[in-house]
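Each chain, written out:
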Amino acid sequence: MSATVTVRVPAKVNVQLAVGAARPDGFHDLANVFLAVGLYDEVTVTESDELRVTCAGPDAGQVPLDRTNLAARAALALAERYGRRPGVHLHIAKDIPVAGGMAGGSADGAAALVACDALWGTNASREELLDICAELGSDVPFSLVGGAALGTGRGEKLRPLEAGGTFHWVFAMADGGLSTPAVFREFDRLNEGVRIPGPTASDELLAALAKGDAHTLAGALSNDLQPAALSLRPSLADTLAAGRAAGALAGLVSGSGPTTAFLAADAESATAVARALLASGTCRAARVAESPAVGATVV
Ligand SMILES: C[C@@](CO)(OP(=O)(O)O)[C@H](O)COP(=O)(O)OP(=O)(O)OC[C@H]1O[C@@H](n2ccc(N)nc2=O)[C@H](O)[C@@H]1O
Ligand SMILES: Nc1ncnc2c1ncn2[C@@H]1O[C@H](COP(=O)(O)OP(=O)(O)O)[C@@H](O)[C@H]1O
């Protein structure tokens, strides 16, 4: 048992996000094809008198440092389950955009859980950790496992998927975030009176993912939340147009947005698309990243 543990955890993009009708509990059933991408946060935990959260990085000012922080909630949940005092300092080195549709908060929750488990020597089983993750949020279990997975239910029930080869992405970060509940509410408003079929994953998309075929994957990318995100943030249409004009195979809103994701044919093309996106003035930053990436890992 060491006095400090650091865990690295990736962001995600949803290569397919099929959304069903609102459930009585307010959530939506999903067919959520998650892919972990190589943009990372790092969470470092150290023994401390009391629970404390600090955060560094360009978006750090937007991260809550109280007990609503998902990293703090994860530490509290594990401590409660094992009858421990949650005395830790959690430091988040944040590179994943905040409220960007890339599951940054979920990533920090999963990372803190793995880090506290190692620091405290609780040796929780994978199933227990996944259980706690699902209590923390719909996206948190995927941040733990990484790679590629199909999330059903509200996204928390995972089936690992094969992802052959490396995919090259460009992420265009927008100014400000979008609230996930607000985007789901806008989805409901836009679909009022519409009969929404049960969400299912596309066989073509899963086959392209398994083969590592970027061109076919590009044609199959889809996000049912995109119209809602565009309705709340119309300027994202300009970013999508700029990325496509710059030679991306395809572009889409990442999850609930407002980050937009572009699939490129190769690393060279990704670099060119990122440069053109930044020059277009339609985003605040453009970053290249590869997928798949491994889930929360002690470093
Ligand atoms: C949309 C997605 C796609 O992966 O990601 P983001 O874009 O936020 O990263 C996820 O479904 C977000 O998951 P997560 O951010 O963990 O959401 P949660 O904390 O579980 O739920 C926040 C709120 O979002 C709505 N919500 C979330 C998941 C779901 N399947 N149906 C919903 O309607 C509900 O209003 C819920 O109260
Ligand atoms: N560790 C964290 N990092 C970022 N945001 C957090 C964290 N913990 C709680 N939050 C809250 O969660 C909200 C959603 O953030 P985030 O997970 O980054 O985006 P998204 O749900 O779009 O993927 C933030 O606006 C913030 O209030």
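What you see is a predicted model; the values in this text were computed from it and never measured.

Caption draft 1: Fine view of the nonpolar core. Residues A71, A111, A112, W169, V170 and L263 are the most contacted members of the largest nonpolar core, which totals 104 residues. Residue contributions to this core reach at least three from each of two domains, namely domain 1 (4-161) and domain 2 (167-291).

Caption draft 2: Geometry of the packing of helix α1 (residues 70-81) against helix α2 (residues 104-120). The interhelical angle for the contact between α1 and α2, taken along N-to-C directions, is 35°, at an axis separation of 7 Å. As for the relative orientation of α1 and α2, their crossing is right-handed in sense. Counted together, L70, A71, R73, A74, A75 and L78 of α1 and G105, S106, D108, G109, A111, A112, L113, C116 and D117 of α2 form the full contact between these two elements. Class assignment of the residues belonging to the contact of α1 with α2 gives a composition of nine nonpolar, three polar and three charged.

Caption draft 3: The sheet that holds strand β9 (residues 250-253), seen in detail. On the basis of which strands lie adjacent, the open sheet formed by four strands has the order β9-β10-β7-β11 and antiparallel pairing. This sheet does not close on itself; its edge strands, each paired only once, are β9 and β11 (285-291). Averaged over all pairs of adjacent strands, the angle between their axes in this sheet comes to 25°, without regard to strand direction. Here strand β7 (residues 167-173) pairs with β11 via seven bridges, running antiparallel. Across the sheet, residue V170 finds its bridge partner in β11, namely V288. Lying over the sheet, helix α9 (residues 236-245) contacts β7, β9 and β10 (260-264), oriented at roughly 10° with respect to β10. The strands touched by helix α10 (residues 267-280) within the sheet are β7, β10 and β11, with β7 carrying the most contacts at an inclination of about 10°.

Caption draft 4: Quick look at the UniProt feature "binding site: ATP" (unreviewed entry) in the chain. UniProt records the feature "binding site: ATP" (unreviewed entry) at P97, V98, A99, G100, G101, M102, A103, G104, G105, S106 and A107, using the numbering of this structure. Along the polypeptide, V98 turns up in the loop between β4 (88-93) and α2. What makes G105 buried here is the crowd of 27 C-beta atoms within 10 Å.

Caption draft 5: Quick look at the site of ligand 1. Within the structure, ligand 1 sits among 20 residues, and G137, S138, R154, G255 and S256 are positioned closest to it. Mapped onto the shell around ligand 1, the elements with two or more residues apiece are β1 (4-22), β2 (28-47) and α5 (180-190). For the shell around ligand 1, the class distribution of residues is six nonpolar, 12 polar and two charged. Counting contributing residues, the shell around ligand 1 receives three or more from each of domain 1 (4-161) and domain 2 (167-291).

Rules and cut-offs
Residues numbered from 1 in each chain as written. Chains lettered and ligands numbered in written order. Predicted model: local features only at pLDDT ≥ 70, side-chain atom pairs only at ≥ 80, totals over all residues. Core = buried A, V, L, I, M, F, W, Y, C linked by C-beta atoms within 7 Å. Buried ≥ 20, exposed ≤ 12 C-beta atoms within 10 Å, placed from the backbone. Domains from an automatic or database assignment. Axes fitted to C-alpha atoms, helices over the stretch in contact; angles between N-to-C directions. Helix = DSSP H or I, 4+ residues; strand = E, 2+ residues; numbered from the N terminus. Left-handed = near helix turned anticlockwise from the far one by under 90°. Contact = placed C-beta atoms within 7 Å. Nonpolar A, V, L, I, M, F, W, Y, C, P; charged D, E, K, R; others polar. Pairing = 2+ DSSP bridges. UniProt positions renumbered as here; feature names shortened; annotations may be inferred. Near = placed C-beta within 6 Å.

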